[in-house]
Amino acid sequence: MKLNKLLAVIAIFINLCAVNTAQAQTAPTNQHCDILYAGQTTAVGSVCVTVNTSDVNLDYVLIGDWKLTEAHAWIGDSLAGLPVNGSGNPQIGLFPYQADTLSAATYSFTIPISQLAVNVDTFCNAEIFVAAHAVVTRTVAGGTGGNASDDDDDDDDDDDDEKSDKSGKGGKSGKAGKSSSAGKSSNASASGGKGAASSAVASTSSGKGKSNVSGKSGKSDQSGKSGKSGKSGDQAGGGSGQPATQTESAWAGSMQIASGGSWARYFSFTNDFCDDTDPEYPLVVLPAGCFNVFGQGVSSTTEPVTAIGFTPVGVTDTTNAWLNTYSSLPSGYFGGDLVRDNGAIVGTFLAGLGSPSDFAVELALDGNASPSLIVSSVNVYFDTAGLYQDMSPLDYGLSLVGNGTGSLQALVPLQFAPEQMDTILHAVVCTGGIE
């Protein structure tokens, strides 16, 4: 049994790789997959969870000739939040993510992390539980068409077996001629004709004969009712040999949801993918006695500036930054204050176009501060308005080194001068004597 399960697992991943070899070779590292089982033991595909910075993708991928007709999923950081009935069995009708009337080999749910049953603050490195249910079908030649077991649904019916109230009774059959392959029954039921069943199995002591179609036989007022008839018709693989649809309930994973309950399953994984998906921002290193400052533009009638405050990434304190948007042409300059992490103003600045082909920046620290202050380093971002994305000050693009004084001036050549410009000015300021 263990060998068969291992072979089934290998077969699934061989099939998945065959779908797209290039994609399989570059499988994302922030993904976890588990096997999708139909009827408890038949591996019919897989369910994969991919964690991104803002959402989670849940992908159903089937193999062979299996098709997905329904999908129901729940994801959370505790099984206590899983919808279950009084017996502890899952209520798939209450799962938050639903899809039906499908007929495909693949299907995906894209779920914002904010909508998951998880604590967003502890989502990284948390154990995540996934209950992924499906209804799957395939066409079998002359086989038994079945119904998906719903003992894992939100009712308490148990239909693991297709039970018949009249297991020995077959359907009424019409007149038929004799068949060379018919087996004679030593104790046949009463019949109105002499026709022999075309697929009946000769038996002197068979059990109850289940049948959808009892095969072609003579006219009978008790056709198929026989204490000594075998399985006949389509269920025995004989009869007309018409293809039938096999329908199964399927669950991903190998852990049972309710001990002693239905066979419904789940799987879990540790969400250690966050570090791989979060961007890395280089930190600004602050020597002893130094602090961060940012330039906040001051609006005026001659130099209109919109200064939008935000918390910068890549800094080691709670300093606020300002994204300053201004009209760079024709005058080009705007001014403002240099503000440190505690809100104190420690100096002023000017920034903007020194000419249509030059960007200029000038810092002047408070000359009356005690102890005296010096500019250690400066980082400046400037570009067309609306293009800024989160980044560390060390990635702003223009880095300048202080000269050991409380002021700094620089002029940088430009290839173009946009009419609307965004500028962020960052500096590391230190007390006198520290470089």
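Bear in mind that the values here come from a model prediction, so they are computed numbers and not experimental data.

### Here's the deal with the overall build of the chain
The helix and strand tally for the chain stands at three helices and 20 strands. With 435 residues in all, the chain has 41% of them scored as buried. Long-range pairs, those at least 24 residues apart, make up 67% of the contacts in the chain between residues at least 6 apart in sequence. For the chain, the accessible surface area stands at approximately 22,500 Å², while carbon and sulfur atoms represent 50% of it.

### Describing the state of the cysteines
All chains considered together, the criterion is met by two disulfides. Across the disulfide, C33 is cross-linked to C48 (sulfur-sulfur distance 2.0 Å). Here C33 and C48 share a disulfide; its torsion about the S-S bond, 110°, makes the bridge right-handed. In this pair, C33 sits in strand β1 (residues 31–38) while C48 sits in strand β2 (residues 42–51), placing the two residues 15 residues apart along the sequence. Here C290 is linked by a disulfide to C430, with a sulfur-sulfur distance of 1.9 Å.

### With respect to the pattern of salt bridges
Considering all chains together, one arrives at one salt bridge under this definition. A salt bridge links D341 to R340; its shortest N-O distance comes to 2.9 Å. Assessed through its relative accessible area of 30%, D341 is described here as partly exposed. Residue R340 is classed as partly exposed on the basis of its relative accessible area of 22%.

### Observations concerning the environment of G81
Mapping G81 onto the fold places it in the loop between β4 (67–76) and β5 (97–99). Sequence spacing of G81 and V118 is 37 residues, and the spatial spacing of their C-alpha atoms is 9.3 Å.

### A word on the environment of Q296
Residue placement: Q296 occurs in strand β11 (residues 290–297). When the C-alpha atoms of Q296 and L323 are compared, they prove to be 8.0 Å apart, with 27 residues separating the residues in sequence. When neighbours within four sequence positions are excluded, Q296 is seen to be in contact with A307, W322, N324, G336, D337, V339 and F349.

### As for the nonpolar core
Counting 35 residues, the largest nonpolar core has L36, Y60 and F109 as its most contacted members. It is strand β7 (residues 127–140) that contributes the most residues to this core, five residues altogether. Core analysis: the next-biggest nonpolar cluster, separate from the first, contains 29 residues, F359, V375, V378 and L398 among them.

### A short note on the pairing of β7
Here β7 lies mainly inside the structure; eleven of its 14 residues are buried. With nine bridges joining them, β4 and β7 adopt antiparallel strand pairing. Bridging from a neighbouring strand, E70 pairs with V135 of β7. Inspection of the sheet shows β7 paired to strand β10 (residues 265–270) by four bridges, in the antiparallel sense. Bridging from a neighbouring strand, V130 pairs with F267 of β10. Across eight bridges, the pairing between β7 and strand β8 (residues 244–252) is antiparallel. Residue pairing across strands places T137 opposite T247, the latter belonging to β8.

Conventions and cut-offs
- Residues numbered from 1 in each chain as written.
- Predicted model: local features only at pLDDT ≥ 70, side-chain atom pairs only at ≥ 80, totals over all residues.
- Heavy atoms only, no water.
- Helix = DSSP H or I, 4+ residues; strand = E, 2+ residues; numbered from the N terminus.
- Buried < 20%, exposed > 50% of the residue type's maximum accessible area, 1.4 Å probe, protein only.
- Contact = heavy atoms within 4.5 Å.
- Areas by Shrake-Rupley, 256 points an atom, 1.4 Å probe, with all protein chains shown as cover.
- Disulfide = S-S within 2.5 Å.
- Salt bridge = Lys/Arg side-chain N within 4 Å of Asp/Glu carboxyl O.
- Core = buried A, V, L, I, M, F, W, Y, C linked by side-chain atoms within 4.5 Å.
- Pairing = 2+ DSSP bridges.

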